[in-house]
Amino acid sequence: MPRRFPELPDWSFDADEASVGLYRAFGHDRAGRNVEAIGLNPDALIEKCKQAALQVVAEVRKSGSVPPKGM
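Please read these numbers as outputs of a predicted model, since none were measured by experiment.

1. Quick look at the overall build of the chain
Helix and strand content of the chain: 1 helix and 4 strands. Ordered by position in the sequence, the α and β elements of the chain form the string β-β-β-β-α. Taken over the C-alpha atoms alone, the chain extends approximately 40 × 20 × 20 Å along its principal axes. When burial is assessed residue by residue, the chain has 27% of its 71 residues classed as buried. Once local pairs closer than 6 in sequence are excluded, the contacts in the chain between residues at least 24 apart make up 26%.

Pasting the structure below:
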């Protein structure tokens, strides 16, 4: 089930088992940006993706290329 976080309202995160005991976590936003992590603990991987998404958002804001609301 996809997870959402209040500090990243346009992002959705999830994880799946890529092979026995190996997980792939991923996140994406409405603008099409993606983050991904692979490892053994799906909850930790989602947290890692969340942190990466926060960095992406900070870089986008810093560069001034924030997409319009609703996209």
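2. Concerning the packing of aromatic side chains
One pass over the structure, following the stated rule, counts 2 aromatic pairs. Taking 6.0 Å as the distance between ring centres and 15 degrees as the angle between the ring planes, the aromatic pair formed by Trp11 and Phe13 counts as stacked. For the residue pair Trp11 and Phe13, the accessibility class agrees, reading buried in each case. Grouped by ring-pair contacts, the aromatic residues Phe5, Trp11 and Phe13 constitute a single cluster. A cation sits over an aromatic face here: Lys50 above Phe5, 4.5 Å from the ring centre.

Cut-off values and rules
- Residues numbered from 1 in each chain as written.
- Predicted model: local features only at pLDDT ≥ 70, side-chain atom pairs only at ≥ 80, totals over all residues.
- Heavy atoms only, no water.
- Helix = DSSP H or I, 4+ residues; strand = E, 2+ residues; numbered from the N terminus.
- Buried < 20%, exposed > 50% of the residue type's maximum accessible area, 1.4 Å probe, protein only.
- Contact = heavy atoms within 4.5 Å.
- Phe/Tyr/Trp six-rings, centres within 6.5 Å; stacked < 30°, edge-to-face > 60°.
- Lys NZ or Arg CZ within 6 Å of the ring centre and 35° of its normal.

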